[in-house]
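As a plain string of letters, each chain reads:
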Amino acid sequence: MAEQPKILIAASEAAPFVKTGGLGDVVGALPRYLERAGAEVRVVLPRYASIDREALGLRRLPGELTVPMGIMGEQRAIVYEGTMPETQIPIYFIDHAPYFGRTGIYEEDGEGYPDNDLRFTFFSRGALELCRMIEFRPDVVHVHDWQTAVIPVLLNTVCRHDPWVGQAASVLTLHNMQHQGWAFKGLMDVLGIGWGHFNPLELEMHDQVNLLKGGLYHATQLNTVSEGYAREIQTPAYGFGLEGVVHDCAWKLRGILNGVDYEEWNPEIDPHLAANYSADDLSGKALCKSDLQRTFRLPERDDVPLIGLVSRLVKQKGVDVLAEAIHRILTLDLQFVLVGNGEPWSHFYFGDIAAAYPEKFAAFIGYDNTRAHQVEAGADFFLMPSRFEPCGLNQMYSLRYGTPPIVRATGGLDDSVVNFAPRSRTGTGFKLTDLSADALFDTIGWATHTWYNDKEGLAALIQNGMAQRFTWERSAQRYLNLFREAMRLRSI
Ligand code: ADP
Ligand code: GLC
C-alpha cells in the first residue's frame, strides 16, 4: 500500500472545541475518519477565549511561536496541545490574546471584528510556523474557507523554500462563497509576499485584497462540500463575484458531500431524546413529538403535523422568505417549532409570531444543541428553504430521524434529498425550486396534505429516508484521493 499522507488541517472551528455552524461539525469529524483510513493527521485552531485550557487538559508546548507579520514585525504566540476526542490525533491551539482572547469567534453583537483579516492572517502564518515547532512535515495542508485561504498563497511564496512546509501541497475546501476575507490592500505589507501578487489573478479585487480569491488561485486542489454547489459557484447567482475565478479553476475543483457523524446523530442511541426509536419501531418518535410540544408549550396533539426548523437565522437560509410566508403557512392546521439565532430582526419577528399564534408557533431564539436534537426527532417535517446551501447537515440528520425534509432544491440539499413521487412512493422529501413565499407555501401545503391524506406514502417516505447513509467513511476516502492527487500535482 502507498505510504499514508501526512495531513495538517488548519481551520477556524472544530467541534467540540468551537463551533458556529457546519464547518465546526466537518472539521470535528473529518480528522477521525481520515485517521481511521490510515492518514497521519494533525489539526490546528486558534485558542479562542471560550476554549478552556484547564477543563480540556491542554498542555503548553515549550518555547514560543514566532509569527512574521511583515511591516508589523514578528508577533509571538503560545501553543497548547490536546487531542481530538476518541482519537490519538494531536490538536494545537495558537494562543495570542490580543487577537483571540475575545468573547466572539468572528463577531460580537452582530458586528464582525474589524481586524478579522489580521487575526486570520496571523493564525494562517502561525499554523505553518507551527510545523517547525512540532517537527511535522505535512504532505498536504488542508484549509477551510477564507480564514485559512491565505495558506496556499504563503506556501507558494514566502514559505516555498521552508524546510518543513515548502514541499506541502494545499487543498482548499469551500464551505461558503459569501464570506471571502475582504481587506484593505495594505494587508499586502503584512503578508510580506511582495506587491507583485496584488494583481487581478491572485489577491486583488476592486482594489482591495480578497483572501479567498488568493486561495482559489494558489491552492493545489479545491473542493466544495457538494457536487451541486461546485457547479453553482461557477455562476453569478452563487459565486458572489468570484464565479469567473472559480470557473477558471474548474479543472482542479471537485465536490465532496459532507458525511454525518452517526455516532452523534442516531435516534437509536441519542441521549438527548425523551425516547429512542428505530426504523423498525417508530413508537418512540411519537413520544419525542409530545415531549417537544410540551417543551415548547404547544398543545399536545398527535393529529396535527409539526414542522421543525433549526438554523442560523440569516438570509442564506431563506428565513426572510419564511417570514413573508409564515402568516399564510399558519392558516393550515399544523404546528411549527423554530430554533435559531442570527440577524436581530428575525429574533423580534419570530418572537412576535410566537406571541400571535401561541397554539401553532413556538420559537427558541438561541443556540442549543439538545433542542436541535429534540426538533430533529419530534418534528414530522424539517424545513430548510435555503437561498444557497453548500452542503447542509440538518437535512441529512432529519432523514436519519425519520423526519422528511422540505428543502429548496439547491447545492447539497438538492444532492441529498430526492423529491417525493406519490405514485411510486419513492423519494425522501419535498423540494421547492423557486425561492418565493408562494412556492414555500405550496410545498409545505403538499407535505401537510400528504401527512393528512396519504399515510402509506408518508410511511414509505420515512422509511426511504431512514435507510439513507451519508457516511464519513465514504467522504474521507474521497478526501484521501483528493490529497493524493494534490501531492502528485505538487511534485510535478
Ligand atoms: P451552516 O453551517 O450553514 O449553519 P449546516 O446545516 O451545515 O449549516 O450546519 C448547521 C449546524 O449547526 C448543524 O449541526 C445544526 O444542528 C447546528 N445549528 C444551527 N443553528 C443552531 C441552533 N440555533 N442551535 C443548535 N444547533 C444549531
Ligand atoms: C457551511 C455551509 C453549509 C455546510 C457547512 C459545512 O457553513 O453553509 O451548507 O454544510 O459549511 O460544510
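Residues numbered from 1 in each chain as written. Chains lettered and ligands numbered in written order. Predicted model: local features only at pLDDT ≥ 70, side-chain atom pairs only at ≥ 80, totals over all residues. Heavy atoms only, no water.

There is about 510 Å³ of room inside the second largest pocket. In this structure, the second largest pocket is lined by 26 residues; those nearest its centre are Ala15, Pro16, Asp25, Asp261 and Glu264. The class makeup of the residues in the lining of the second largest pocket is 16 nonpolar, three polar and seven charged. Each of domain 1 (6–259 + 472–491) and domain 2 (283–466) accounts for three or more of the residues forming the lining of the second largest pocket. (1 Å grid on protein atoms, 1.4 Å probe; cavity = no way out; pocket = protein on both sides within 12 Å on 5 of 7 lines; lining within 4 Å. Points joined across faces, edges and corners; volume = space filled by probe spheres on them. Nonpolar A, V, L, I, M, F, W, Y, C, P; charged D, E, K, R; others polar. Domains from an automatic or database assignment.)

Judged by side-chain charge, Glu107, Glu108, Asp109 and Glu111 come together as a negatively charged surface patch. Position of glutamate 108 relative to the elements: it lies in strand β7 (residues 107–108). (Patch = residues over 30% accessible without salt bridge, like charges linked within 9 Å, V, L, I, M, F, W, Y side chains within 5 Å. Areas by Shrake-Rupley, 256 points an atom, 1.4 Å probe, with all protein chains shown as cover. Salt bridge = Lys/Arg side-chain N within 4 Å of Asp/Glu carboxyl O. Lys, Arg positive; Asp, Glu negative; His and termini not counted. Charge placed at Lys NZ, Arg CZ, Asp CG, Glu CD. Helix = DSSP H or I, 4+ residues; strand = E, 2+ residues; numbered from the N terminus.)

This paragraph deals with the pattern of salt bridges. According to the stated counting rule, one finds 25 salt bridges in the structure shown. Glutamate 263 is the partner of arginine 32 in a salt bridge, and the nearest nitrogen-oxygen pair spans 3.2 Å. Of this pair, arginine 32 sits in helix α1 (residues 22–36) while glutamate 263 sits in the loop between β15 (253–255) and α10 (283–295), placing them 231 residues apart in sequence. Its relative accessible area of 10% is what places arginine 32 among the buried residues. (Buried < 20%, exposed > 50% of the residue type's maximum accessible area, 1.4 Å probe, protein only.)

What follows covers the packing of aromatic side chains. Enumeration over the complete set of coordinates arrives at 25 aromatic pairs. Pairing phenylalanine 100 with phenylalanine 122 gives two aromatic rings, centres 6.5 Å apart and planes at 45°, and the pair type is tilted. On the criterion of sequence distance, the pair formed by phenylalanine 100 in helix α2 (residues 97–100) and phenylalanine 122 in helix α3 (residues 116–134) is long-range, its members being 22 residues apart. Given a relative accessible area of 0%, phenylalanine 122 falls into the buried group. In textbook terms, an aromatic cluster arises when at least three aromatic residues are bridged by ring pairs, as seen for Tyr48, Tyr99, Phe100, Tyr106, Phe120, Phe122 and Trp146. The ring of phenylalanine 441 has arginine 328 sitting right over it, with the charged end atom 4.8 Å from the ring centre. Directly above the aromatic system of tyrosine 262 lies the positively charged group of arginine 469, at a separation of 5.6 Å from the ring centroid. (Phe/Tyr/Trp six-rings, centres within 6.5 Å; stacked < 30°, edge-to-face > 60°. Lys NZ or Arg CZ within 6 Å of the ring centre and 35° of its normal.)

Taken together, 21 residues are adjacent to ligand 1, and Gly22, Asp25, Arg312, Lys317 and Gly366 come closest. At a separation of 3.0 Å, an oxygen atom of ligand 1 approaches a polar side-chain atom of lysine 19. For ligand 1, whose unbound accessible area comes to 560 Å², protein coverage reaches 94%. Every element with two or more residues in the shell around ligand 1 is listed here: α1, β16 (306–313), β17 (335–342), α13 (369–378) and α14 (394–400). (Near = heavy atom within 4 Å. Polar contact = N/O pair within 3.5 Å; in protein donor to acceptor, adjacent residues only side chain to side chain.)

All right, on to the side chain of histidine 218 then. Secondary-structure assignment places histidine 218 in helix α6 (residues 211–218). Accessibility expressed as a relative area gives 8% for histidine 218, which makes it buried. Of note is the side chain of histidine 218, whose polar atom sits 2.7 Å from the side chain of glutamate 202. With near-sequence residues (within four places) excluded, histidine 218 lies in contact with Pro152, Val153, Asn156, Ser170, His197, Glu202 and Lys252. (Contact = heavy atoms within 4.5 Å.)

Here α10 crosses α13 at 125°, and the two axes come no closer than 8 Å. The orientation of α10 with respect to α13, classified from their angle, is oblique. Between α10 and α13 the crossing geometry is left-handed. Only Gln374, Val375, Glu376, Ala377 and Gly378 of α13 make contact with α10, whose side of the interface consists of Lys285, Cys288, Lys289, Asp291 and Leu292. Within the contact of α10 with α13, the residues separate by chemical class into four nonpolar, two polar and four charged. (Axes fitted to C-alpha atoms, helices over the stretch in contact; angles between N-to-C directions. Parallel < 35°, antiparallel > 145°, perpendicular 65-115°, else oblique. Left-handed = near helix turned anticlockwise from the far one by under 90°.)

Here six strands make up an open sheet; going across it, the order is β18-β17-β16-β19-β20-β21 and the pairing parallel. Each edge of the open sheet carries a strand with a single partner, namely β18 (361–365) and β21 (430–432). For this sheet, the mean angle separating the axes of adjacent strands, direction not counted, is 20°. Where strand β19 (residues 381–384) meets strand β20 (residues 405–408), three bridges bridge the pair, whose relative direction is parallel. Note on β20: the bridge partner recorded for methionine 384 is valine 407. (Pairing = 2+ DSSP bridges.)

Considered domain by domain, the protein is made up of domain 1 (6–259 + 472–491) and domain 2 (283–466). With centres defined by C-alpha atoms, the gap from domain 1 to domain 2 works out at 33 Å. In this complex, domain 1 contributes 19 residues to the contact, which on the side of domain 2 involves 16 residues. Together domain 1 and domain 2 conceal approximately 1300 Å² of surface at their shared face, both sides included; 57% is due to carbon and sulfur atoms. Linking domain 1 with domain 2 are zero salt bridges. Summed over the shared surface of domain 1 and domain 2, the number is nine residue pairs in polar contact (both at pLDDT 80 or more). Every element with two or more residues in the side of domain 1 that touches domain 2 is listed here: α1 and α7 (227–232). Here the side of domain 1 that touches domain 2 is built from residues that sort into five nonpolar, nine polar and five charged. (Buried area = accessible area lost by both parts, 1.4 Å probe.)

So, on to the site of ligand 2. Ligand 2 sits among 13 residues. The nearest are His175, Asn258, Gln316, Glu389 and Gly392. A distance of 3.5 Å separates an oxygen atom of ligand 2 from a polar backbone atom of proline 390. Its free accessible area being 310 Å², ligand 2 has 93% of it covered by the protein chains. For the shell around ligand 2, the element with the highest residue contribution is α1, accounting for three residues. Of the residues belonging to the shell around ligand 2, the class tally is five nonpolar, six polar and two charged.

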